Amino acid sequence: VDLELPSLWRVLVDLPALMLVEEAGFYFVHRCLHHPYLYKRIHKKHHELTAPISIAAPYAHPVEMVFSNVLPPLLGPLATGCHLSTIWLFSCYGLYITVTDHSGYNLPFIPRSPEFHDFHHAKFTSNFGMYGLLDRLLDTDTAYRQSKTGERHRLLNGISPPKDSIPNRGKKSK
């Protein structure tokens with residue numbers, strides 16, 4: 001075990017690499033889990049909650065837990081050989097994103113609104129990725145981007161729900 005901490009430059013290079021590897025692993029496994037055979041037998045458990053809440057984020061079939069939630073975040077550290085402290089930082093950020101994705105609130109330092117993931121739980125056929133990069137590249141977020149919900153897809157540094165910050169047109173706002 002290397003006791004010397006990595007340089008800031010090394011951490012700034014490793015974190016995006018870890019995120020890209022996780023995005024690829026999570027996206028493709030998650031998309032496969034939406035195949036009718038696998039969805040019915042494995043992934044449907046996670047989608048029982050159509051309006052996700054933070055405490056239920058890990059609610060999943062054990063097979064999904066391993067292949068979708070454990071392996072993708074582990075692939076990056078294996079591929080990059082990054083320092084243990086970088087893995088801890090990456091893991092903490094991953095937990096933060098997972099909890100906030102299922103919270104309904106826009107909190108700082110998240111590259112997207114939690115409504116991105118809420119839309120996936122409501123529609124099931126888009127927004128498969130962890131960070132949305134592959135959804136954009138593979139065009140699996142089109143329905144989301146064209147929806148009213150997608151209009152709210154931006155970083156807001158506050159703790160108000162996105163629905164209150166940018167309400168739907170035609171409805172009275174609070």
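Let us look at the structure shown here. These numbers come from a predicted model, not from an experiment.

## Focus on the packing of aromatic side chains
In this description, a pair of aromatic rings is defined by centroid distance and the angle of the planes.
Line of reasoning, step 1. In this structure the tally under the stated criterion is six aromatic pairs.
Line of reasoning, step 2. Centroid distance Tyr-27 to Phe-28: 5.1 Å. Interplanar angle 85°. Geometry classified as edge-to-face.
Line of reasoning, step 3. For Tyr-27, a relative accessible area of 0% corresponds to the buried category.
Line of reasoning, step 4. Centroid distance Tyr-27 to Phe-128: 6.1 Å. Interplanar angle 90°. Geometry classified as edge-to-face. Separated by 101 residues along the polypeptide, Tyr-27 in helix α1 (residues 8-33) and Phe-128 in the loop between α5 (115-123) and α6 (133-137) bring together distant segments of the chain.
Line of reasoning, step 5. Aromatic rings pair up to connect Tyr-27, Phe-28 and Phe-128 into one cluster.

## A few points about the packing of α1 against helix α4 (residues 84-101)
Line of reasoning, step 1. Running from N to C, α1 and α4 point in directions that differ by 50°, and their axes come no closer than 10 Å. Classified by the angle their axes make, α1 and α4 are oblique. Between α1 and α4 the crossing geometry is right-handed. Between α1, through Val-11, Asp-14, Leu-15, Leu-18, Met-19 and Glu-22, and α4, the contact on the second element is made entirely by Thr-86, Leu-89, Phe-90 and Tyr-93.

## Overview of α4
Line of reasoning, step 1. Its 18 residues give α4 an end-to-end C-alpha distance of 25 Å, which sits within 8% of 26 Å, the value for a rise of 1.5 Å per residue.
Line of reasoning, step 2. Here α4 has its buried residues at Thr-86, Phe-90, Gly-94, Ile-97, Thr-100 and Asp-101. Axial view of α4: buried residues confined to an arc of 135°, hence all on one face. In this structure, α4 carries Trp-88 and Leu-95 as exposed residues pointing more than 90 degrees from its buried face.
Line of reasoning, step 3. On its buried face, α4 sits against α1, α3 (62-80) and α5.

## Section: the layout of surface pockets
Line of reasoning, step 1. Here the largest pocket is characterised by a volume of approximately 620 Å³.
Line of reasoning, step 2. Residue lining of the largest pocket: 30 residues in total, with Glu-22, Asn-69, Gly-94, Thr-98 and Met-130 positioned closest to the centre.
Line of reasoning, step 3. Only α1, α3 and α4 provide two or more residues apiece to the lining of the largest pocket.
Line of reasoning, step 4. With nine residues, the single largest contributor to the lining of the largest pocket is α4.
Line of reasoning, step 5. Of the residues in the lining of the largest pocket, the class split is 14 nonpolar, 12 polar and four charged.

Rules and cut-offs
Residues numbered from 1 in each chain as written. Predicted model: local features only at pLDDT ≥ 70, side-chain atom pairs only at ≥ 80, totals over all residues. Heavy atoms only, no water. Phe/Tyr/Trp six-rings, centres within 6.5 Å; stacked < 30°, edge-to-face > 60°. Buried < 20%, exposed > 50% of the residue type's maximum accessible area, 1.4 Å probe, protein only. Helix = DSSP H or I, 4+ residues; strand = E, 2+ residues; numbered from the N terminus. Axes fitted to C-alpha atoms, helices over the stretch in contact; angles between N-to-C directions. Parallel < 35°, antiparallel > 145°, perpendicular 65-115°, else oblique. Left-handed = near helix turned anticlockwise from the far one by under 90°. Contact = heavy atoms within 4.5 Å. Expected span 1.5 Å × (residues − 1). Arc of directions from axis to C-beta. 1 Å grid on protein atoms, 1.4 Å probe; cavity = no way out; pocket = protein on both sides within 12 Å on 5 of 7 lines; lining within 4 Å. Points joined across faces, edges and corners; volume = space filled by probe spheres on them. Nonpolar A, V, L, I, M, F, W, Y, C, P; charged D, E, K, R; others polar.

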